[in-house]
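Listed here are the chains, written in short residue letters.
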Amino acid sequence: MKLSSAEILDAIKDELKAKVARPKFDLLISPLFAVSDDEDGLTLGVENAVLRGWVAEQYGKEISAIVERLVGRRVEVAFTVVPGRVPLPDQTQAADSLPPKAVKPRLRPLLNPLFTFDNFVVGPANAFAYSAARGVAEKPGIIYNPLFIYSGSGLGKTHLLQSIAHHLFSANESADIVYITAEKFMNEFIFKVRSGRMHEFHAKFRGCDGLLIDDIHILAGKTETQGEFFNTFNYLHETNKVIVITCDKPPKELRQMDERLVSRFSSGLVTDIEPPALETRIAILQKKAARENIYIPEEVCTFIAENITSNIRVLEGALIKLLAYSGYAAQPVTLDLARRVLKDLLPETVSVQPMSINTIVDVTCDYLKVNRATVLSSNRTKKIAFARQVIMYLARELTNLSLVQVGSELGDRDHSTVIYSCQKIERDLVEDPYVQATVQNILRLVKTG
Ligand code: ADP
Ligand code: MG
């Protein structure tokens, strides 16, 4: 009897539940979900790259061994990142009961549950894009097709695009709407060409009820993928299927992009999102705080919103950082604290004693269960590199050391590595709950230990 990937996954979880400590199980094993199982092996999905690194490193071998025992042969087990997932229907069972050709790949795309129209704060800078997106979601393919939304980074393109998807699914649960980044579209295209399975690619992208494609600028210079996208586009457009595209610039500014595509992009409605005005930025912060049940005084919201103007991802990041420090210093979120955190004056002001980088190294290594000497060595495995990045970030935040000094304390690393690490952790603090929890816990321990 052939086991479905869901059955295999259940067995993996059952077995590991008995062996792995509860918090780790809940964090790493329990959220695993099946993405595919075919001749290529079994692919399990995780929500972000950090978790993938951990689960692959710590449990990859054990999981492979369990699968091998279950199916009686060696099976390649891979882990892939699928951010913002929603629970998947068990498609393998359906696949088992039908002849392969008759199965239409109707995998629901994985959407961030927070990226809905309800969670989108509308202001003058994004009102037009918002109502265009709503219009498309309510009357797909009818009003203007395609809808092309462009803006700088962190201004809500992905949020709006996924809101459309959520809306279409709420109107028709079984709608076959494809949400995909242009990068994934390209990777999937290359993979299917190589494996001689273009019929699957065509079935998915031409047979769908609508295509929402994110960050199309990625295709610049990718001639073959552009050609395939052009055909996909025409096919869907002719059959009145909804097409929504996001991009970091207006169509006419796209370079190394097929002229025919550029003119298709401009043929429907083109709209941009501008950086939001102050009132909108305040409203976004308040909405986020309210959603997380946190009280932030109005003057603090105003202060953050006044200082961070051009990117909502960064705006949200500032709020998260402030909350982390408020927890760390056991201080209420006040204007005073906000001022210090945002001015990067944390070392002297929040911490009572100056913090030594040694403490940060010790606590982080201890918390992440990594060896201190390895962290200071040239070892580049994911787990070690992550620990090092966290240490660099905290050292910059909590000590007075310069970039060069932090680099040299951590095994003679270049100051540009320190900058990169700090930026990476800052970004992950916004996007990755696991990194958020890790940094906050280490902050707490650094303070008490
Ligand atoms: P982009 O795709 O343009 O780079 P995103 O859609 O990923 O930007 O938005 C970045 C972050 O800002 C997300 O967390 C998103 O929820 C939030 N965001 C953007 N615009 C708004 C808005 N108008 N209201 C609420 N949150 C927003
Ligand atoms: Mg985006």
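Residues numbered from 1 in each chain as written. Chains lettered and ligands numbered in written order. Predicted model: local features only at pLDDT ≥ 70, side-chain atom pairs only at ≥ 80, totals over all residues. Heavy atoms only, no water.

Mapped onto the elements, A171 comes out in helix α6 (residues 157-171). For A171, a relative accessible area of 66% corresponds to the exposed category. The spatial distance from the C-alpha of A171 to the C-alpha of E138 is 8.6 Å, given a sequence separation of 33 residues. (Helix = DSSP H or I, 4+ residues; strand = E, 2+ residues; numbered from the N terminus. Buried < 20%, exposed > 50% of the residue type's maximum accessible area, 1.4 Å probe, protein only.)

A full pass over the atoms with the stated rule returns 15 salt bridges. K19 is the salt-bridge partner of E62, the closest N and O atoms lying 3.1 Å from each other. In this pair, E62 sits in helix α3 (residues 49-71) while K19 sits in helix α1 (residues 5-19), placing the two residues 43 residues apart along the sequence. For E62, a relative accessible area of 28% gives the class partly exposed. Of the charged contacts in the structure, one is a salt bridge between E228 and R206, with a shortest N-O distance of 3.4 Å. Within this pair, whereas E228 is found in helix α9 (residues 223-238), its partner R206 is found in helix α8 (residues 198-206), the two being separated by 22 residues in sequence. E228 sits in the buried class, given a relative accessible area of 9%. The network of salt bridges with common partners includes E15, K19, E62 and R69. (Salt bridge = Lys/Arg side-chain N within 4 Å of Asp/Glu carboxyl O.)

A few words on the pairing of strand β6 (residues 210-214). Within β6, five of the five residues are buried, which leaves the element mostly enclosed by the surrounding structure. Burial of β6 is two-sided: the residues G210, L212 and D214 facing one way and the residues L211 and I213 facing the other way are all buried. Examined bridge by bridge, strand β5 (residues 177-181) and β6 share five bridges and lie parallel to one another. Bridging across to β6, Y179 finds its partner in L212. With α9 bridging β6 and its parallel neighbour strand β7 (residues 242-247), the resulting β-α-β unit is right-handed. (Pairing = 2+ DSSP bridges. Right-handed = clockwise from strand over helix to strand, strands pointing away.)

Attention now moves to the site of ligand 1. V121, G154, T158, H159 and E316 are the nearest of the 18 residues found near ligand 1. Within the backbone of G156, an N or O atom sits 3.1 Å from an oxygen atom of ligand 1. For ligand 1, the protein covers 91% of the area, taking 560 Å² as the surface of the free molecule. Mapped onto the shell around ligand 1, the elements with two or more residues apiece are α6 and α13 (312-328). Looking at the shell around ligand 1, its residues break down into six nonpolar, nine polar and three charged. (Near = heavy atom within 4 Å. Polar contact = N/O pair within 3.5 Å; in protein donor to acceptor, adjacent residues only side chain to side chain. Areas by Shrake-Rupley, 256 points an atom, 1.4 Å probe, with all protein chains shown as cover. Nonpolar A, V, L, I, M, F, W, Y, C, P; charged D, E, K, R; others polar.)

What follows deals with empty space enclosed by the protein. Within the structure shown, the criterion is met by one cavity of 30 Å³ or more. Each pocket or cavity is described by its volume, and for the largest cavity that value is around 60 Å³. Listing elements by their share of the lining of the largest cavity, those giving two or more residues are α2 (22-29), β2 (41-46) and α3. Partitioning the lining of the largest cavity into residue classes produces eight nonpolar, one polar and two charged. (1 Å grid on protein atoms, 1.4 Å probe; cavity = no way out; pocket = protein on both sides within 12 Å on 5 of 7 lines; lining within 4 Å. Points joined across faces, edges and corners; volume = space filled by probe spheres on them.)

With that out of the way, let us pick up the pairing of strand β4 (residues 147-150). Pairing geometry for β4 and β7, over four bridges, is parallel. Of the residues in β7, the one forming a bridge with F148 is I245. Across four bridges, the pairing between β4 and strand β8 (residues 269-272) is parallel. Paired with F148 across the strands is V270, a residue of β8.

A few words now on the packing of aromatic side chains. By the definition in use, this model includes twelve aromatic pairs. For the ring pair W54 and Y434, a centre distance of 5.2 Å and an interplane angle of 70° mean the geometry is edge-to-face. Linking W54 in helix α3 with Y434 in helix α21 (residues 433-448), this pair joins segments that are 380 residues apart in sequence. Each member of the pair, W54 as well as Y434, carries the same accessibility label: buried. (Phe/Tyr/Trp six-rings, centres within 6.5 Å; stacked < 30°, edge-to-face > 60°.)

On to the packing of helix α16 (residues 357-368) against α21. As a packed pair, α16 and α21 sit with axes 10 Å apart at the nearest point and diverge in direction by 130°. The angle between the axes of α16 and α21 places the two elements in the oblique class. Between α16 and α21 lies a crossing whose hand is right-handed. Facing I360, V363, T364, Y367 and L368 of α16, the residues of α21 in contact are Y434, T438, N441, I442, L445 and V446. Partitioned by chemical class, the residues of the contact of α16 with α21 number eight nonpolar, three polar and no charged. (Axes fitted to C-alpha atoms, helices over the stretch in contact; angles between N-to-C directions. Parallel < 35°, antiparallel > 145°, perpendicular 65-115°, else oblique. Left-handed = near helix turned anticlockwise from the far one by under 90°. Contact = heavy atoms within 4.5 Å.)

Any residue range with low pLDDT should be treated as having predicted coordinates unsuitable for detailed reading. Summary statistics for the protein chain give a mean pLDDT of 86 and a share of 90% for residues scoring 70 or more. Confidence drops under pLDDT 50 across residues 86-105; counting only partners more than four residues distant or on other chains, this segment forms 25 contacts. Low pLDDT, under 50, characterises residues 345-352; the stretch is placed with 18 contacts to residues that sit more than four places away or in other chains. (pLDDT = per-residue confidence, 0-100.)

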